[in-house]
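Analysis of the macromolecular model
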Amino acid sequence: MTAVKFIHTADWQLGATFGGYDPDLAGQLKAARLSVIDRIAKIAQNENIDHVLVAGDVWDKEEPAPQTIRQPLEIMGKYPKITWWLLPGNHDPARADRLWSRIVEIAKDNIRPLLIAELVEMQPGAYILPAPWNSKQPGRDLTEDFDQMETPEGSIRIGLAHGGTTDFSGDAPNSSVVNPNRATLSNLSYLALGDWHGMKEINARTWFSGTPEPDRFRRNDPGYCLSVSIEGPQAIPNVISHKTALYDWRMVSYDLRTGFDLDEALSSVFNTTPAHQTLIQMSLTGQLNVSERLALSQLTDDVSERAAYLQLRDRDLETLISADDLDALDLSGSVRLAAEELSRLKASDDLDANGRANASKALDLLFTIAATHEGVTS
Amino acid sequence: MKLRAVRLRDVRRFGSQGIAYNDIGDGLSVVAEPNEFGKSTIFQAVRTALFFKHSSGDKVVKTLAPNVGGGAPRVQLDIEVEGKLYRVTKQFLKKASAEVQDLSSLEIIARDGDAHDWILKSIGSDKPGEGPSGLLWVEQGKSMHQPDGGTAGGKLLSNLLEREVGNVTGGERARLYIQSARERLAKLHTSTGRPTGNYKSAQQELSAAEESVTTLTQKMGESENAHGELRDTKLSLDNLNNDEDINETTDKIERAEKSLEETKIASTKLDGLRLRVETQQDLADTEKARHKRLEEDHAEGFELIEKIDELAGRKEAAKSEYEDAKKLHAPALIAVEEARTIFKTAQETERNSVLAEKAGKALDELKRIEKSIQSAEKASAKIGDLSAHILKINISRDQLDQLENLTRGIAVKTAQIDASRPKLSVDYTSGGDRKVSIDNIPVAPEDEITLTPKTDLEIENVGIVHIRFNENANFDAELSEQKTKMGNFLSDAGALDLKDAQSLFRKKKGFRTECTEQKRLLAVAAPDGLDVLRAEYATLREDTVSEVLSDIGAEEARADLEAARETLETEKISVNSQAARETKLLETIGRIQSNLDILTGSLAAMVEKMGDPATWTNGLKTSKKQMSDGCEKADCLKTELEDATENSPDLEAAKATLQRLRQGERNRSVRISKLREAMARIEQLIKNLQAEGIGERLGETADQLEAVQQKVKAYEDDAIALQLLIKVLEQTQQTLQDEFFAPVIRELNPLLKMVIPNGDIRLGDNFQPESLHRNGLAEKIYSLSGGTQEQIAILTRLAFAKLMAKRGKASPVILDDALVYDDDERLEKMFTALNVATQDGAQCLVLTCRQRAFSDLGGQTLTHETWPE
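Here goes a summary of the coordinates provided. What you are looking at is a predicted structure, and each value in this text was computed from that prediction instead of being measured.

**Points about the overall build of chain A**
Broken down by element type, chain A carries nine helices and 16 strands. Here chain A, with 378 residues, has 56% of them falling under the buried criterion. Nonlocal contacts in chain A, meaning residues at least 24 apart in sequence, comprise 71% of its contacts between residues at least 6 apart. Split by element, the accessible area of chain A, about 16,100 Å² in all, is 46% carbon and sulfur.

Right, here's the structure in full:
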């Protein structure tokens, strides 16, 4: 009986840029996206797997830098026993005379771009049914073509496609969503999907592998590749995830109220990934008084120094100015009056949101300056 | 707040017995104690109790430690807050504690930290380091220093006022915060509002990123366009290389070539038919022309016959007329000879009569000329005589002028000699007469002799007197020369002297006048000269020598001659007319004969060509039939040609079709070539763009742009917030200053006038005190003496305390050994001012060591008590 094993991965997004980050970090993140190919190859070798199927968006742009094209191909070429099946996705559609023309020119034989929707034999008795993107907006479910791809009786049919399924709301473009029942409809043993960066099982035969190395903060489960074993055409695939990500892009949210133990909360902001390889997006909501707010700053400063990157979203975190805070600032006098005036402006309906935000910031600054001077004088 | 009692124990010099001042009143209270008593310790202890935590280890607190013993410093204050009495007790350093007791209920209302907070709240103060706002202090020596510590000018008082106001309003801190905010803003903005530092760098980064994004976006556009162009080019190339199209075109060309060959054959056939039509048409045209000529010859022949008959008739008529004319010719000739004879006779008669008339007129002329010759000869003779006379007188006008000049020169020279030389005259004595002689000539008594330069005077019987002298000029030589010239001139002129010369010249002039008159007369008599006149005379004389005779006058003879000429001419005309008529008739006959000869010749030639005129009509009919047959045949061929032409393929169209198709083929090749070139160019362009990795670079730059935008926005937000903070702080500060400054000044000025009569503080802009006005003079605050500045400082506190008291917020003024620089008079006035200020509710505690000087201060003198444990 024919059996097949392969690695399912997708969304390498090679050449994705990190221009908004510190140049050193950006360089490391780019390097991590490149080195993930090695990590995938190592997994394949460890699992004795000869095929790696990349379900689209191998490259992030149609016009990448020459080294962004050449270097990944070099790495893949280093593993001649592995055949790399590359599918164009919406980020890198196979348009004429563009990216893929160059790849075809320079890629070694073990690298197999799947540029047309034609059946290809992966190994005897096992076929890949590719659904490559040839434009940015195909406007239809490309996996519909699988129905026309006939394979010999008893063959293992592996669909390779890129695009969200109808199970996702809002993430995938409606015009090219993949029918989640495609595996059944087209008699597929397995449908390897790309596009969604988080790993997800749609059904027993349909999986998103997610990106092996995440590049942004997302609330899904990125950073894996899947090893898939199929014992026969009708057998349920055995899918195992393997951690591949070097960097952990963590998203944490805290709703802060007076009395909230932020110290304790922040103690769990890092997990098993080393802090220097952890990027954190911290969303803070709620209300803190002035002293708590000052304390928060110290804590977040600590996180920022330890982590590779900290993105603090605290616009929705309100600083409550209590009577005690005002009294602490001053019992009377112009500083007190200024604080009261800024508090009034902060809540004034006469100002737009920007005006109120400016007043709030000015008030925070007043407390910060006061605290600074307190520190100096006390 | 009001201070009602102060108690200390184990504070510096105050040991376990302690010290207490109880029952401190509302107004002015005086603690008059000698030096080293510990007044400043009391002052310091009150401040420490109010503003330092009991647990504080501050050095200020430590200074409270007792000089003797190891007790813990303990300070107790009774204070009145809003009408209620409280007791504040604090122990420092050891077993530190604090408590506040409500004296009305004796309940401890706060302890330790709470006690401290209660105190600060009650006295309306905030931070000890910035001074109490509930108390107005004038620390020992500091009251002076404070004004002196100002920067300049009116700021002294304003600083003082602001400090006091600020102590209540937080102004000092506001300034500090504003300064801090400004420092932060300065890191973002220059003084002119331009970004600086990191903000500026971020903006520059932003500009650079925007520019990069724009450039890369353009390149992306170029790339897209290039790909589109490449796609279109390839499509066009594919279309051009379409085998089906190419085969179709090839087939078309082959068909067109075949069609052209067929058309050429058809065209050749058509050309043969066209030639036949043309030949037949030429034949028909020839027949037509021949028939036309035959018709013309036919008409011409019959016309000739008619004309010959007519000319023969006319010739006979002319001959008959000629014979008649010849018969009239002989009589006319006879009449002409007769008339000619008569004419010649009349001619002779007329010539004779004319000659006779001419001879008469010539005789009269001869007589006139003869008379003119005589006048002319006479004038000519006179002219000859006068000319001879003129020639004899050889003197001209110029010569006469020179002679006159010489005469005048001689006279002048003579006069000069005469004037320059001495004169000699002799007066003889009796008996001596004439015994003096010169050059042997005796000198007469009446003589006056002019001496020459060399004169020898001989005196008889005496000797010779030689007289010599020199002259500057050589008068004698010059005179002699002029006289010689004179003599020569006179000799040339033939004159004796000047008068004679003048006379001769006048005669010569008269001769010339006469000669001119005679010449005029000669010209009248013989204008062309005498010889011409004489020749004319001789000619006329010859003309008049022959004698002419005539019977009739010349006029009559001329009339007869004219009549004879007319008769002769008439006869001549008659004869000539007759002869001309004969000649003309002969000419007519000849001409007719000539025409007859020509026509007869033509007729003979026509007969020779056409045969006998009797056969001409039948020949014409035959010719007409031949002509009709030829035309009919030509028309048939034409119809055949038209039919053939209409059905024949168009050779030009076939050629054009083939040419068009072949040109299309060539165009396709050219187009393919150009498209391939274009494709190579575009592919190279795409390759270049791909080498740049513009998509990736654009993504990276766009990320950077977004990050920098956020950064710039953050800086902008910071700047805006800082500006808002500064603005609000300044506004609130200003508001409070407005609120406090003016009333303080209003309170201050009356107090000031008590100390400094007519003194008045003037404020500048924004309540800034500028000067002290007194006795009409304005003095800058900083120019005042140290004592005056201290007085203003104290009065300001009093004014403020007064104001606070009026507002129900009493603020005690504590003066620690102040007014040390005041003279007695000024001190008295300050006492008065202190009393006035405190009468209106302000509480003032004066600590002084100058017991005597302050004895007149008034108020309540406090006496100390012990405060043992």
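Next comes the rest of the account.
**Here's the deal with the nonpolar core**
In a soluble, globular protein the nonpolar side chains are often hidden away together inside. L342 and L366 of chain A together with L725 and L729 of chain B are the most contacted members of the largest nonpolar core, which totals 44 residues. Beyond its immediate chain neighbours, meaning those up to four positions away, L366 of chain A contacts L329, V335, A338, A339 and L342 of chain A together with Y177, L725 and L729 of chain B. The next biggest cluster of nonpolar side chains, apart from the first, holds 39 residues, and it includes L8, F14, V31 and L120 of chain B.

**What about the interface of chain B and chain A?**
With 48 residues of chain B in contact, the opposing surface of chain A contributes 43 residues. Surface buried jointly by chain B and chain A totals about 3,600 Å² across both partners, of which 59% is contributed by carbon and sulfur atoms. Looking at the side of chain B facing chain A, the largest losses of area belong to Y177, Q690 and E696 of chain B, adding up to 19% of the total buried there. One salt bridge connects K30 of chain A with E700 of chain B, and the closest N-O pair in it is separated by 4.0 Å. Counting the contacts that link chain B with chain A gives 16 residue pairs in polar contact (both at pLDDT 80 or more). Sorting the residues of the side of chain B that touches chain A by element identifies α3 (112–123), α5 (155–169), α6 (171–186), α7 (197–240), α16 (651–692) and α17 (694–755) of chain B as the ones contributing at least two each.

**Side note on a negative patch on the surface**
On the surface, D261, D263, E264, D301, D302 and E305 of chain A cluster together into a patch of negative charge. Counting only elements with at least two residues in the negative patch, the list comes to α5 (262–267) and α6 (290–306) of chain A.

**Let's talk about the sheet that holds strand β2 (residues 19–21) of chain B**
Residue and element names in this part refer to chain B. Strand order in the open sheet made by the six strands is β2-β1-β4-β5-β6-β7, with antiparallel pairing throughout. The open sheet has two free edges, formed respectively by β2 and β7 (107–111), since each of these has just one partner strand. The mean angle between the axes of side-by-side strands here comes to 20°, regardless of whether they run parallel or antiparallel. Pairing of strand β1 (residues 2–9) with β2 involves three bridges; the strand directions are antiparallel. Residue pairing across strands places L8 opposite I19, the latter belonging to β2. Helix-sheet contacts for helix α1 (residues 39–51) involve β1, β2, β4 (74–81) and β5 (84–91), and the interaxial angle to β1 is about 105°.

**Here's the deal with the pairing of strand β7 (residues 156–162) of chain A**
All names here are of chain A. Taken across its seven residues, β7 has seven buried, putting it largely inside the fold. Burial along β7 is two-sided: I156, I158, L160 and H162 and R157, G159 and A161, pointing in opposite directions, are all buried. Looking at chain direction, strand β6 (residues 126–131) and β7 are connected through six bridges and run parallel. Directly across from A131, in β7, lies its bridge partner A161. Bridge count between β7 and strand β8 (residues 190–194): five bridges; the pairing is parallel. Within the sheet, the bridge partner assigned to H162 lies in β8 and is G194.

**A look at the packing of aromatic side chains**
Scanning the model with the defined rule gives 15 aromatic pairs over all chains in all. Seen from their ring centres, Y21 of chain A and Y309 of chain A are 4.7 Å apart, and the 70° between their planes marks the pair as edge-to-face. Taken together, the positions of Y21 of chain A in the loop between β1 (4–9) and α1 (23–46) and Y309 of chain A in strand β15 (residues 309–313) put the pair 288 residues apart, joining distant regions of the chain. For Y21 of chain A, a relative accessible area of 17% gives the class buried. Note on Y309 of chain A: relative accessible area 22%, which makes it partly exposed. For the pair W59 of chain A and W100 of chain A, a centre-to-centre distance of 5.6 Å together with 85° between the ring planes defines the contact as edge-to-face. Placement of the pair is W59 of chain A in the loop between β2 (51–54) and α2 (66–77) and W100 of chain A in helix α3 (residues 99–106), with a sequence separation of 41 residues. A residue is classified by how much of its surface remains accessible, and W59 of chain A, at 0% relative accessible area, is buried. Above the face of the Y224 of chain A ring, K243 of chain A is positioned so that its terminal group lies 4.9 Å from the ring centre. Over the aromatic face of F14 of chain B sits the side chain of R13 of chain B, whose NZ or CZ is 5.9 Å from the ring centroid.

**Comments concerning the side chain of E213 of chain A**
As for its position among the elements, E213 of chain A is in the loop between β10 (206–208) and β11 (224–230). Owing to a relative accessible area of 1%, E213 of chain A belongs among the buried residues under this scheme.

**Here we look at helix α14 (residues 554–610) of chain B**
Taking 1.5 Å as the rise per residue, α14 of chain B with 57 residues should run 84 Å; its terminal C-alpha atoms sit 82 Å apart, in good agreement. A positive phi of about 85° marks G611 of chain B, the residue just after α14 of chain B.

**Digging into the sheet that holds β6 of chain A**
Residues and elements named next belong to chain A. Overall, mixed pairing links the six strands, which are arranged β5-β6-β7-β8-β10-β9 in an open sheet. Taken across any chain shown, the strands that pair with only one partner, and hence form the sheet edges, are β5 (120–123) and β9 (200–203). Shown here is a sheet whose adjacent strand axes are inclined to one another by a mean of 25°, direction ignored. The sheet contact formed by β9 and β10 spans three bridges and is antiparallel. Bridge pairing in β10 links K200 to F208.

**Section: unusual backbone geometry**
Residue and element names in this part refer to chain B. Positive phi, normally seen in glycine, also occurs at D10, with a value near 55°. Tracing the backbone through its elements, the reader meets D10 in the loop between β1 and β2. Judged by relative accessible area, which is 10%, D10 ranks as buried. A positive phi is found at E82, a non-glycine position, where the angle reads about 50°. Tracing the chain through its elements places E82 in the loop between β4 and β5. You can call E82 exposed: its relative accessible area is 80%.

The rules behind each value
Residues numbered from 1 in each chain as written. Chains lettered and ligands numbered in written order. Predicted model: local features only at pLDDT ≥ 70, side-chain atom pairs only at ≥ 80, totals over all residues. Heavy atoms only, no water. Helix = DSSP H or I, 4+ residues; strand = E, 2+ residues; numbered from the N terminus. Buried < 20%, exposed > 50% of the residue type's maximum accessible area, 1.4 Å probe, protein only. Contact = heavy atoms within 4.5 Å. Areas by Shrake-Rupley, 256 points an atom, 1.4 Å probe, with all protein chains shown as cover. Core = buried A, V, L, I, M, F, W, Y, C linked by side-chain atoms within 4.5 Å. Buried area = accessible area lost by both parts, 1.4 Å probe. Salt bridge = Lys/Arg side-chain N within 4 Å of Asp/Glu carboxyl O. Polar contact = N/O pair within 3.5 Å; in protein donor to acceptor, adjacent residues only side chain to side chain. Patch = residues over 30% accessible without salt bridge, like charges linked within 9 Å, V, L, I, M, F, W, Y side chains within 5 Å. Lys, Arg positive; Asp, Glu negative; His and termini not counted. Charge placed at Lys NZ, Arg CZ, Asp CG, Glu CD. Pairing = 2+ DSSP bridges. Axes fitted to C-alpha atoms, helices over the stretch in contact; angles between N-to-C directions. Phe/Tyr/Trp six-rings, centres within 6.5 Å; stacked < 30°, edge-to-face > 60°. Lys NZ or Arg CZ within 6 Å of the ring centre and 35° of its normal. Expected span 1.5 Å × (residues − 1).

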